Amino acid sequence: MTLRIAVIGAGIMGADHARIVAEDLPGANLQVVCDMDAARARAIADKYGADSATDPEVTIAREDVDAVILASPDFTHAPLSLACIAAGKKVLCEKPLSQEAGECLDVMKAEEAAGERFVMVGFMRRYDPAYIQMKAALDEGRIGRALMMHNWHRNAVTPAADFTGAMAITNSAPHEFDVLRYVLGSEVRTISASQPKRSDSKVAPVVMVIETTDDQLVTIEVNNNAAYGYDVKAELVGETGSIATNHVSYTLMDQNARKSVGHDPDWRDRYAQAYRQQNKAFVSWASGGAYPALAADSWDGYCASVIAATGAAALTEGVRKSVDLIARPAFYERT
C-alpha cells in the first residue's frame with residue numbers, strides 16, 4: 001500500500017524533502033505540502049501534483065495522510081511531533097527535536113505512554129557512507145580502540161546577520177554532537193568552548209573540546225564564515241590507525257564554477273545520498289517495518305539538545321561544563 005506523506009514546511013529543506021518523496025521513494029506519495037506561506041506551499045505542491053495547506057495540525061489530522069515529515073521552523077518541531085503521536089502517525093522530524101530539553105522529554109513521555117516509537121530525528125549523517133565506513137572500521141577493530149575524533153563544519157557565510165558563537169553551537173553543531181555519539185557509541189561527559197579573534201566584526205569560529213564517558217577526546221570546529229564554501233570532514237583516531245571522511249572541499253573557485261552552471265554546492269549536495277537513504281528508511285518503518293537500525297530517536301534528540309545548551313553555556317562562561325543527562329529510559333534501549 002502506498003504511504004501518503006505530508007511535508008510540513010516549504011522552505012529549503014521542506015522543498016528538498018518534497019522532491020525526494022515525489023521523485024525518489026518507491027511506495028510513497030507526496031500527498032500534502034503545508035506552509036504558513038500559502039503561495040510557497042502551493043508552488044511546491046503544484047510541481048508534484050500534491051495538495052497544499054497552511055494549517056499543520058489540520059494537515060496532520062487528515063485521513064488521507066499516513067505519515068509526516070517536519071521541516072517547519074525549529075520551535076514547532078516538538079509541538080507538531082506531539083500532534084503526530086496523538087494522531088498515531090509516524091514522523092520524520094528535522095533536527096532539532098527541540099532546543100529545549102524539557103520539550104524533548106515531553107515527546108519521549110508521549111511515546112512511552114503510547115507504547116511505541118513515533119519519531120525519527122533527521123540526523124542524516126548516520127546514513128552517509130563515509131560515517132558508516134568510519135563506524136565499521138571502529139566496530140570491526142581495524143583501528144583499535146578509539147582515542148580521538150576531530151570534526152570540521154564550515155560554511156561560507158553565516159545564515160543571518162545576528163548569528164552568534166552560541167548559535168553556532170545550538171544551530172550548527174548538533175549534527176556533530178549526534179554523529180560523535182553514533183560513531184563512538186559513547187555519551188558526552190564534559191564540554192568546553194572558545195573562539196579566536198577575527199580582524200573584522202564577523203562571528204569567529206567556535207572550537208569545542210568534548211570528553212566522553214569512555215575517556216575519549218573529541219574536537220569540533222564550527223566556522224560559519226569560512227568564505228571558501230561548505231566543508232564538513234571528520235577523522236577518527238584509534239590506537240592502531242585512523243580513518244577520515246576525506247571529502248573534497250568546495251574551494252571558492254569550485255563554487256564559482258558551479259554557480260556558473262546554476263549549481264551552488266551546499267549541505268544538500270554533500271549529503272544527497274544520506275537524505276535519500278534516511279527517507280527510504282522512514283518510509284519502510286512508517287509502512288509497518290521495524291524501527292530503522294541507524295535512525296536517531298527521541299532520546300538522541302534529547303541528548304543533542306542538552307549537549308548544545310551546555311556547550312553554549314560553556315562558551316558564555318568560559319569554563320568546562322559537565323553534560324548532565326537523565327538516565328537513558330529502558331524504552332529507548334536498543335538490542
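Below you will find a few notes about this structure. Since we're looking at a predicted model, the values are computed, not measured.

### Some details on helix α11 (residues 272-286)
In step 1: Between the first and last C-alpha of α11 there are 21 Å, a value that for 15 residues agrees with the 21 Å anticipated at 1.5 Å per step.
In step 2: Every buried residue belonging to α11 is among Ala274, Tyr275, Gln278, Asn279, Ala281, Phe282, Val283, Trp285 and Ala286, and all of these are buried.
In step 3: Immediately beyond the C-terminal end of α11, within one or two residues, lies Gly288, with a positive phi of roughly 115°.

### Notes on the pattern of salt bridges
Any two side chains of opposite charge can pair, given that their charged atoms come close.
In step 1: This structure, assessed with the given rule, holds 25 salt bridges.
In step 2: The residue Glu116 makes a salt bridge to Lys90 at a minimum N-O spacing of 3.3 Å. One end of the pair, Glu116, is in the loop between α5 (101-114) and β6 (119-122); the other, Lys90, is in strand β5 (residues 90-94), with 26 residues separating them in the sequence.
In step 3: Given a relative accessible area of 36%, Glu116 falls into the partly exposed group.
In step 4: Asp297 serves as the salt-bridge partner of Arg117, at 3.3 Å between the closest nitrogen and oxygen. Remark: Asp297 occurs in the loop between α11 and α12 (298-317) and Arg117 occurs in the loop between α5 and β6; sequence separation between them is 180 residues.

### Points about the sheet that holds strand β4 (residues 67-70)
In step 1: With parallel pairing, the six strands of this open sheet are ordered in space as β3-β2-β1-β4-β5-β6. Where the open sheet ends on each side, the last strands, each with one partner, are β3 (51-53) and β6. Strand-to-strand twist of the sheet, defined as the mean angle between neighbouring strand axes without regard to direction, takes the value 25°.
In step 2: Sheet analysis places strand β2 (residues 28-34) next to β3, joined by three bridges and oriented parallel. Each bridged residue has a counterpart across the sheet, and for Cys34 the counterpart in β3 is Ala53.

### Here we look at the sheet that holds strand β13 (residues 321-322)
In step 1: Judged by pairing direction, the sheet is mixed, and its seven strands sit side by side in the order β12-β11-β7-β10-β9-β8-β13 without closing on themselves. Edge positions in the sheet fall to β12 (242-244) and β13, since each of these pairs with one other strand and no more.
In step 2: Where strand β7 (residues 146-154) and strand β11 (residues 231-238) come together, eight bridges link them in antiparallel fashion. Each residue of the ladder has a partner; that of His153, found in β11, is Val232.
In step 3: Running at roughly 5° to β11, helix α6 (residues 129-139) makes contact with β7, β11 and β12 of the sheet.
In step 4: Each of β8 (188-194), β9 (206-212) and β13 is contacted by α12, which is oriented at about 40° to β8, the strand it contacts most.

### Things to note about the layout of surface pockets
With a probe scaled to a water molecule rolled over the atoms, the places where space remains empty come into view.
In step 1: As a volume, the second largest pocket reaches approximately 370 Å³.
In step 2: Along the wall of the second largest pocket there are 16 residues; nearest its centre are Arg126, Ala293, Asp300, Arg328 and Arg334.

### What to know about the packing of aromatic side chains
In step 1: The full count for this structure, using the stated rule, is four aromatic pairs.
In step 2: When the centroid spacing of 5.4 Å and the interplanar angle of 35° are considered together, the rings of Trp299 and Tyr302 count as tilted. In this pair, Trp299 and Tyr302 are both assigned in helix α12, three residues apart and thus about one turn of the helix distant.
In step 3: Looking at Trp299, the relative accessible area reads 2%, which means it is buried.
In step 4: Three or more aromatic residues joined by ring pairs make a cluster, and in this case those are Phe282, Trp285 and Tyr291.
In step 5: The residue whose ring lies beneath Lys135 is Tyr182, and the NZ or CZ to ring-centre distance is 5.3 Å.

### So, the environment of Glu23
In step 1: Looking at the element boundaries, Glu23 is found in helix α1 (residues 12-24).
In step 2: Separated by 261 residues in the primary sequence, Glu23 and Ser284 place their C-alpha atoms 16 Å from one another.

### Remarks on the nonpolar core
In step 1: Core analysis: the largest hydrophobic core is formed by 99 residues, its most contacted members being Ile5, Val119, Met149, Phe177, Met208 and Leu236.
In step 2: If near-sequence neighbours (up to four positions away) are discounted, Val119 is found in contact with Ser81, Ile85, Val91, Cys93, Leu97, Val107, Glu111, Trp285, Tyr291, Ala296, Asp297 and Ser298.

Conventions we followed
- Residues numbered from 1 in each chain as written.
- Predicted model: local features only at pLDDT ≥ 70, side-chain atom pairs only at ≥ 80, totals over all residues.
- Heavy atoms only, no water.
- Helix = DSSP H or I, 4+ residues; strand = E, 2+ residues; numbered from the N terminus.
- Expected span 1.5 Å × (residues − 1).
- Buried < 20%, exposed > 50% of the residue type's maximum accessible area, 1.4 Å probe, protein only.
- Salt bridge = Lys/Arg side-chain N within 4 Å of Asp/Glu carboxyl O.
- Pairing = 2+ DSSP bridges.
- Axes fitted to C-alpha atoms, helices over the stretch in contact; angles between N-to-C directions.
- Contact = heavy atoms within 4.5 Å.
- 1 Å grid on protein atoms, 1.4 Å probe; cavity = no way out; pocket = protein on both sides within 12 Å on 5 of 7 lines; lining within 4 Å.
- Points joined across faces, edges and corners; volume = space filled by probe spheres on them.
- Phe/Tyr/Trp six-rings, centres within 6.5 Å; stacked < 30°, edge-to-face > 60°.
- Lys NZ or Arg CZ within 6 Å of the ring centre and 35° of its normal.
- Core = buried A, V, L, I, M, F, W, Y, C linked by side-chain atoms within 4.5 Å.

Remember that the coordinates give geometry; whether it matters functionally is a separate question.
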